[in-house]
Amino acid sequence: MEDKYKICGWAFSIYGALILVFSAFVYSIISIEIGSLDFMFFIAAFVLGLLTFLCGVLIFKGNKYRHKIALPIAVLSLLNIPLGTLVGGFYLWLRYVKLNN
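Remember, it's a predicted structure, so these values are computed and weren't measured experimentally.

(A) Examining the side chain of Ser 13 more closely. Looking at where Ser 13 falls in the secondary structure, it is placed in helix α1 (residues 6-30). Here Ser 13 falls in the buried class, since its relative accessible area comes to 11%. Setting aside residues up to four positions removed in sequence, Ser 13 forms contacts with Thr 52, Phe 53, Gly 56 and Val 57.

Laid out in structure tokens, this is it:
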């Protein structure tokens, strides 16, 4: 595995796990008050968190499809300010700016 992507693998994995835990926590609190619309948001957040976590695992293990999966996840994570912006921006910076090193 390339050493420059090892940190990105950890960052995606930790960020995905945080999304999973936070979405489950918020869903358990809000589901009593709002109704069924929050279930749709919970499923969307859960799927995004799971894909982000699995993307980090694929990057860390050095899978050959890691960059095809990490690029859309990194772009989506840019929308989640500030932590997602840091994780996605760091991956995109390593992937496209630091090509010569």
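(B) View of the packing of aromatic side chains. For the structure on display, the rule yields 6 aromatic pairs. Between Trp 10 and Phe 60, the aromatic rings sit 5.1 Å apart at their centres with planes inclined by 65°, giving edge-to-face as the arrangement. With a gap of 50 residues between them, Trp 10 in helix α1 and Phe 60 in helix α2 (residues 37-61) connect regions that are remote in the sequence. With a centroid separation of 5.8 Å and 65° between ring planes, the pair formed by Phe 12 and Tyr 91 is classed as edge-to-face. Here Phe 12, found in helix α1, pairs with Tyr 91, found in helix α4 (residues 83-97); they are 79 residues apart in sequence, far enough to count as distant. For the pair Phe 12 and Tyr 91, a shared accessibility class is recorded, and that class is buried. Among the aromatic residues, those joined into a ring-pair cluster are Tyr 5, Phe 12 and Tyr 91. Here Arg 95 stacks its cationic end above the ring of Tyr 96, 5.9 Å away from the centre of that ring.

Reading the values: rules and limits
- Residues numbered from 1 in each chain as written.
- Predicted model: local features only at pLDDT ≥ 70, side-chain atom pairs only at ≥ 80, totals over all residues.
- Heavy atoms only, no water.
- Helix = DSSP H or I, 4+ residues; strand = E, 2+ residues; numbered from the N terminus.
- Buried < 20%, exposed > 50% of the residue type's maximum accessible area, 1.4 Å probe, protein only.
- Contact = heavy atoms within 4.5 Å.
- Phe/Tyr/Trp six-rings, centres within 6.5 Å; stacked < 30°, edge-to-face > 60°.
- Lys NZ or Arg CZ within 6 Å of the ring centre and 35° of its normal.

This is a description of form; function is not addressed.
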